[in-house]
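Structural characterization, general
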Amino acid sequence: MRLTAFTDVSLRLVMRLAVADDGERLTTRAAAGMLAVPYTHMAKAVARLSEMGLVEARRGRGGGLLLTEAGRASSVGAIVRELEGDGDLAGCEDDPPCPLREACRLRSALVQAREAFYASLDQVSVESLVASPAHRTLTLLREPPVGG
Ligand code: SF4
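What comes next is a walk through the structure. (Residues numbered from 1 in each chain as written. Predicted model: local features only at pLDDT ≥ 70, side-chain atom pairs only at ≥ 80, totals over all residues.)

**Structural notes on the overall build of the protein**
Helix and strand counts for the protein stand at 8 helices and 2 strands. Mapped from its N terminus to its C terminus, the protein presents α and β elements in the order α-α-α-β-β-α-α-α-α-α. If one aligns the C-alpha atoms of the protein with their principal axes, the spans along those axes are about 55 × 35 × 25 Å. By the burial criterion, 18% of the 148 residues in the protein qualify as buried. Sequence separation of at least 24 residues holds for 64% of the intrachain contacts in the protein that already meet a minimum separation of 6. (Helix = DSSP H or I, 4+ residues; strand = E, 2+ residues; numbered from the N terminus. Buried ≥ 20, exposed ≤ 12 C-beta atoms within 10 Å, placed from the backbone. Contact = placed C-beta atoms within 7 Å.)

Below, the structure is given as C-alpha cells:
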C-alpha cells in the first residue's frame, strides 16, 4: 500500500506549517519550492486542507498559509483517512470488473487491513511528527533559488 502523492504533499505541508514561526507567512509557492513539489499540486493540497478546516489561507499583504488549531490537534490517521477515501485497494470495480468481486474474501481482508493501517496512524499526532529531529529539518527548509 502506498499513499497517493496528494496525501503525501498534504502531509508535508501540514508538517512544515506546524513549525512555522508566529510571524512567518508562507505562500503556496514558497511551500511548493521548499517541499520539492510542483506548484499546482501544492495549490490543490492547500485547497483541500482549507476545505477540511486544517489550513487557513489568508489573502493579501501579510497573508499566507497557517495551520489551524484543528490542524494542529489532528491525528495523522484522521487526515490520511479523509484524503485517501475508502475506494477499493484493488481493481474490483474496474472496467471490466473483476469476476470474483461478488464473493471475494481478499477484498474484505484488504478493507480490514486498511482499517488497521488507519487505526495505527490514529495514534500519531501532527505534533509528534514535528518533534526532534524532524523539527530542525523542517525549519531549515528553504526555497530553491530561482532557476536552480
Ligand atoms: S480478486 Fe478480489 S480484491 Fe482482487 S480485484 Fe477481484 S474482487 Fe477485488
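Don't stop here, the text continues.
**Quick look at the nonpolar core**
Counting 22 residues, the largest nonpolar core has Leu13, Val14, Met42 and Val55 as the members making the most contacts within it. Within the residue set of this core, elements represented by two or more residues are helix 1 (5-18), helix 2 (28-34), helix 3 (39-51), strand 2 (64-67) and helix 5 (76-84). Element by element, the count of residues in this core is highest for helix 1, at 6 residues. (Core = buried A, V, L, I, M, F, W, Y, C linked by C-beta atoms within 7 Å.)

**A word on the site of the ligand**
Contacts to the ligand come from Ala90, Gly91, Cys92, Cys98, Leu100, Arg101, Cys104, Leu106, Arg107 and Leu110. A class-by-class count of the residues in the shell around the ligand yields 7 nonpolar, 1 polar and 2 charged. (Near = placed C-beta within 6 Å. Nonpolar A, V, L, I, M, F, W, Y, C, P; charged D, E, K, R; others polar.)

**Describing the packing of helix 1 against helix 3**
The axes of two packed helices give the description: the angle between them and the distance between them. Where helix 1 meets helix 3, the closest approach of the two axes is 9 Å, and the angle between their N-to-C directions is 75 degrees. Taken together, the axes of helix 1 and helix 3 are roughly perpendicular relative to one another. Every residue of helix 3 that contacts helix 1 at Ala5, Phe6, Val9, Ser10 and Leu13 is listed here: His41, Met42, Lys44, Ala45, Arg48 and Leu49. Among the residues making up the contact of helix 1 with helix 3, the classes are represented as 7 nonpolar, 2 polar and 2 charged. (Axes fitted to C-alpha atoms, helices over the stretch in contact; angles between N-to-C directions. Parallel < 35°, antiparallel > 145°, perpendicular 65-115°, else oblique.)

**Re helix 3**
An ideal rise of 1.5 Å per residue puts 18 Å on 13 residues; helix 3 measures up with 18 Å between its terminal C-alpha atoms. Residues Met42, Ala45, Val46 and Leu49 constitute the buried set of helix 3. Projection of helix 3 onto a plane perpendicular to its axis shows the buried side chains occupying an angular sector of 105 degrees, all on one side. In helix 3, the exposed positions that point more than 90 degrees away from the buried face belong to Thr40 and Glu51. (Expected span 1.5 Å × (residues − 1). Arc of directions from axis to C-beta.)

**A short note on the pairing of strand 1 (residues 55-58)**
It is a general feature of regular strands that their side chains alternate between the two faces of the sheet. In this sheet, strand 2 lies alongside strand 1 in antiparallel orientation, the contact comprising 4 bridges. Residue pairing in the sheet places Arg58 in a bridge with Gly64 of strand 2. Taking the residues that link successive antiparallel strands as the turn, the strand 1-strand 2 hairpin has 5 residues, and the phi of Gly60 there is positive, at about 80 degrees. (Pairing = 2+ DSSP bridges.)

**Section: unusual backbone geometry**
For the bond running from Asp95 to Pro96, omega is 5 degrees, close enough to zero to count as cis. Position of Pro96 among the secondary structure elements: in the loop between helix 5 and helix 6 (105-122). For the bond from Ser132 to Pro133, the omega torsion is 5 degrees, close enough to zero to count as cis. Relative to the helices and strands, Pro133 is located in the loop between helix 7 (126-129) and helix 8 (134-139). A positive phi angle, near 60 degrees, is found at Ala36, a position not held by glycine. Structurally, Ala36 can be placed in the loop between helix 2 and helix 3. Judged by local crowding, Ala36 falls into the exposed class, with 10 C-beta atoms found within 10 Å.

These results come straight from atomic positions and should not be treated as a statement about function.
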